[in-house]
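Notes for the structure review
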Amino acid sequence: MTIRKTTAMIAAITMFAVGACAKKAPEVLPPAPEGTGSDTGTDTGTGVVPGSQEDFVANVAADRVFFGFDQYNVDAEDQATLQSQAQWLQRNPAVRVTLEGHADERGTRDYNIALGERRANAAKNYLSSIGIDPNRIQVISYGKERPAELGSTEEAYAKNRRAVTVIIGR
Amino acid sequence: MTLTRYLIAGIFAATAVPAVAQDQSSAQLQPEGPRESITGTLSQDRTVIAVPALATPAVMTVAGLRTDSLGRQIAEVIAADLERSGLYAPLGPGSVRAISMAEVRAPQFADWQSRGAENVVHGFVQASGTGGLVVGCYLYDTALGSELVRQGFEIQPGDWRRAAHKCADAIYSRLSGEAPFFDSRVAYIAESGPKGNRIKRLAIMDSDGGNHRFVTNGQALAISPRFSPDYKKIVYVSYLNNRVRVFIYDVATGSQKLVTESGNTTFAPRWSPDGSQILYSMAVGGNTDIYRISANGGTPVRLTSTPGIDVGGSFSPDGKKIVFESDRSGSQQIYTMNIDGSNQQRISFGGGRYATPEWSPRGDLIAFTRLGGGEFRIGVMTPSGGGARMLTNSWQDEAPTWSPNGRVLQFFRTSPGREGKSSLWQVDLTGVNLRRLPTPQDGSDPSWGPVLP
């Protein structure tokens, strides 16, 4: 399991990291913000587009929650992660997300798609229960098709049994 | 694709083998005991069959193919088919002498016997005069000095591999007493790219890997294809537009349509034996159940309603029952039900989890993937759950699909680790004859169709 940090710690570290990077001229300019721009109305000056995936990852505990083998319950650790995601989503009310459900490679293909559906929906239902409009959340299951860790070890499997929140725009 | 059965006798002066001789030989070749008995065939016990290059009465070039070259290639395909069945030890054109046209109907039995061949396959390839080819093949018993079976086909030149498979089928059926299976096709998923971002394309090929063709371009992830019984369509799951949905792909036109319009994830599609119905699984709010719909669309019928994952499914060959998997008991197990969803009964009770059930076209067995001890293995059991036995033993063998005669299973095997890859394999019901199928890339999710008419 990955080590979870508090939102405040993550934010502080990330701001430092982003600030350090910003001193170098970027080889590729970040894409211009689309539509009405930031929901918070402020450009942080770090090159991170408010409301973007980068902004999301920088300001939540994690973009993903993890599950036990053949499990899909949202435990206390997952709840803390999802609460930080919900806070960000409330600050960016026009942003919509996809919850990607994944499984490790120790299940058969079709079953793992069903299991990924369970996991993504479990995360969606929790976000919904703490005030996020479920219409902002799409769900897709990748089953075992898109492992994050490629090894065939317990450590890799633990990281692959996941539901990942991905920003899809507004 | 046309493949016209041809009355070979018409090619030659009709000098049919006396019926009496044929009856005697067939009596001797009938396997003893019940037909259901399955025994392993050790390599030293395999019947030796000589398969020299097919002769040609006159070397002609038809559609760029020389009849003499084709004679050799057809013999090679016949020999490879027989070898792959595991029952025979063919001596292909690379290891035995060529034959003259005259020998086709008058084999030198003593010569072939002296080479250790119990049977010999002779045949010919000739231009039909109408832009096609006529292919004939004969199976002889060298000890009896008699003809056992003959087949003749008038084909388009591009179908020469089919003529070879038909010949191999005739030989296999005559010698084993089993139904044919070589002249059939397979849909599967061709895989390439790194493990974390595999490109997965729908692909089709003959049962031996020949006539391979990629069907989709790989832009959208494609999984779990199934050939329709008439080979005209493929039902499969595409991640097109970042959604998981079942499509019916039309092989001739290249167009595809959704099986059902739904905002939900649909997956794990299967055809009914007559091609009129499609089973699929649909996840609604995280709960997956099995549905049945007409292949032409319409209103789906929901077949399962437990809170667990009910997924997959395979029709019995009479179309009256469905075998499927469910974790309603707490872990993946195999169940059967009537096609209206009634009478759901668990049939797998061994240790571990049981998945991907597939009903044999013969109706007598259900193949499955068993998960246990960190490994996936292919096994079979009766439709009531009895007699379960495992056929393979590797890290991950998954998703069996039956040969048309219910005697051989194809599946995919995955290797562990960061460089882990999948490949297509086949095994017969003895578990002894295990072969890897040749594919241009890695492969998974094979789906074996019926014997072509």
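Residues numbered from 1 in each chain as written. Chains lettered and ligands numbered in written order. Predicted model: local features only at pLDDT ≥ 70, side-chain atom pairs only at ≥ 80, totals over all residues.

1. Thoughts on the overall build of chain A
- Along its length, chain A carries 5 helices and 4 strands.
- Along chain A, helices (α) and strands (β) appear in the sequence α-α-β-α-β-α-β-α-β when read from the amino end.
- A burial count over chain A gives 41% of its 170 residues as buried.
- For chain A, restricting intrachain contacts to residue pairs at least 6 apart in sequence, the fraction spanning at least 24 positions comes to 72%. (Helix = DSSP H or I, 4+ residues; strand = E, 2+ residues; numbered from the N terminus. Buried ≥ 20, exposed ≤ 12 C-beta atoms within 10 Å, placed from the backbone. Contact = placed C-beta atoms within 7 Å.)

2. A closer look at the overall build of chain B
- Within chain B one finds 5 helices and 32 strands.
- In summary, chain B has a C-alpha radius of gyration of 23 Å against a globular reference of 22 Å for 453 residues, a match within 12%.
- Along the three orthogonal principal directions, the C-alpha set of chain B runs to about 70 × 45 × 45 Å.
- For chain B, the proportion of contacts with a sequence separation of at least 24, taken over those separated by at least 6, is 46%. (Rg over C-alpha atoms; globule rule 2.2 N^0.38 Å.)

3. Brief notes about the interface of chain A and chain B
- Counting residues at the interface gives 20 residues for chain A and 32 residues for chain B.
- Elements that contribute at least two residues to the side of chain A that touches chain B include exactly α4 (109-129) and β3 (137-143) of chain A.
- Of all the elements, α4 of chain A adds the most residues to the side of chain A that touches chain B, at 10 residues.
- Looking at side-chain class alone, the side of chain A that touches chain B contains 9 nonpolar, 5 polar and 6 charged residues. (Nonpolar A, V, L, I, M, F, W, Y, C, P; charged D, E, K, R; others polar.)

4. Structural notes on the packing of helix α2 (residues 67-85) of chain B against helix α5 (residues 160-176) of chain B
Residues and elements named next belong to chain B.
- Two elements in contact, α2 and α5, have axes separated by 9 Å at closest approach and are oriented at 45°. What the angle tells us is that α2 and α5 run oblique. The interaxial crossing formed by α2 with α5 has right-handed handedness. For the pair α2 and α5, the contacting residues are Leu70, Ile74, Val77, Ile78, Asp81, Leu82 and Ser85 in the first and Trp160, Arg161, Ala163, Ala164, His165, Cys167, Ala168, Ile171 and Tyr172 in the second.
- Classifying every residue of the contact of α2 with α5 gives 12 nonpolar, 2 polar and 2 charged. (Axes fitted to C-alpha atoms, helices over the stretch in contact; angles between N-to-C directions. Parallel < 35°, antiparallel > 145°, perpendicular 65-115°, else oblique. Left-handed = near helix turned anticlockwise from the far one by under 90°.)

5. Quick notes on the sheet that holds strand β4 (residues 162-169) of chain A
Residues and elements named next belong to chain A.
- Across the sheet, which stays open at both edges, the 4 strands sit in the order β1-β4-β2-β3 with mixed pairing between neighbours. Looking at which strands have only one partner, the edges of the open sheet turn out to be β1 (64-66) and β3. Here the average twist between neighbouring strands, direction ignored, is 20°.
- Bridge analysis of β1 against β4 gives 3 bridges, and the strand direction is antiparallel. Looking at β4, one finds that arginine 64 is bridged to valine 164. (Pairing = 2+ DSSP bridges.)

6. So, α2 of chain B
- In this model, α2 of chain B (19 residues) spans 27 Å end to end at C-alpha, consistent with the 27 Å of a helix rising 1.5 Å per residue.
- One or two steps after α2 of chain B, the chain reaches glycine 86 of chain B, where phi turns positive at roughly 85°. (Expected span 1.5 Å × (residues − 1).)

7. Description of the pairing of strand β21 (residues 321-326) of chain B
Residues and elements named next belong to chain B.
- For β21, the buried fraction is high: 5 of the 6 residues fall into the buried class.
- Where strand β20 (residues 310-315) lies against β21, 4 bridges are found, and the strand directions are antiparallel. Residue pairing across strands places valine 311 opposite glutamate 325, the latter belonging to β21.
- Where β20 hands over to β21, the hairpin turn is made up of 5 residues, of which glycine 319 adopts a positive phi near 75°.
- Here 6 bridges tie β21 to strand β22 (residues 333-338), and the two strands are oriented antiparallel to one another. Bridge pairing links glutamate 325 to isoleucine 334 in β22.
- Adjacent in sequence and paired antiparallel, β21 and β22 are bridged by 6 residues, among which glycine 330 carries a positive phi angle near 115°.

8. Quick notes on the domain arrangement of chain B
All names here are of chain B.
- Under the domain assignment, chain B is made up of domain 1 (3-28 + 41-176) and domain 2 (185-451).
- Inter-centroid distance (C-alpha atoms) of domain 1 to domain 2 is 35 Å.
- Taken together, the contacts link 7 residues of domain 1 with 9 residues of domain 2.
- The element contributing the most residues to the side of domain 1 that touches domain 2 is α2, with 3 residues. (Domains from an automatic or database assignment.)

9. Some words on the nonpolar core
- If you look at the biggest cluster of nonpolar residues, it comprises 148 residues, and the most contacted ones within it are Ala123 of chain A together with Ile74 and Ile78 of chain B.
- Built from parts of two domains, this core gets at least three residues from each of domain 1 (3-28 + 41-176) and domain 2 (185-451) of chain B.
- Here alanine 123 of chain A is in contact with Val65, Val74, Leu82, Leu99 and Ala163 of chain A, once residues within four sequence places are set aside. (Core = buried A, V, L, I, M, F, W, Y, C linked by C-beta atoms within 7 Å.)

10. Topic: the confidence of the model for chain B
- Per-chain confidence: chain B averages 91 in pLDDT, with 91% of residues scoring 70 or above.
- Throughout residues 10-40 of chain B the model reports pLDDT below 50, and contacts reaching past four residues in sequence, or to other chains, amount to 25 contacts. (pLDDT = per-residue confidence, 0-100.)

11. A few points about the pairing of strand β14 (residues 245-250) of chain B
Residue and element names in this part refer to chain B.
- Of all 6 residues in β14, 5 are buried; the element is thus mostly enclosed.
- Both strand β13 (residues 233-238) and β14 contribute to a ladder of 6 bridges, which runs antiparallel. Of the residues in β14, the one forming a bridge with valine 237 is valine 246.
- Hairpin connection, β13 to β14: the antiparallel pair is bridged by 6 residues, and asparagine 241 has positive phi, about 60°.

12. Some remarks on the sheet that holds β21 of chain B
- Strand order across the open sheet formed by 4 strands is β20-β21-β22-β23 (chain B), with antiparallel pairing between neighbours. The open sheet has two free edges, formed respectively by β20 and β23 (345-346) of chain B, since each of these has just one partner strand.

13. Some thoughts on the packing of helix α3 (residues 76-91) of chain A against α4 of chain A
All names here are of chain A.
- In the contact formed by α3 and α4, the axes pass within 10 Å of each other and the chain directions differ by 60°. With respect to α4, the element α3 is oriented oblique. Classified by chirality, the crossing of α4 by α3 is right-handed. Where α3 approaches α4, its residues Gln79, Leu82, Gln85 and Ala86 are matched on the opposing element by Ala123, Tyr126 and Leu127.
- Grouping the amino acids of the contact of α3 with α4 by side-chain chemistry returns 5 nonpolar, 2 polar and no charged.

14. Examining the environment of threonine 61 of chain B
- Summarising the element assignment, threonine 61 of chain B is placed in strand β3 (residues 61-62).
- Taking the C-alpha atoms as reference, threonine 61 of chain B lies 21 Å from alanine 102 of chain B; in sequence the two are 41 residues apart.

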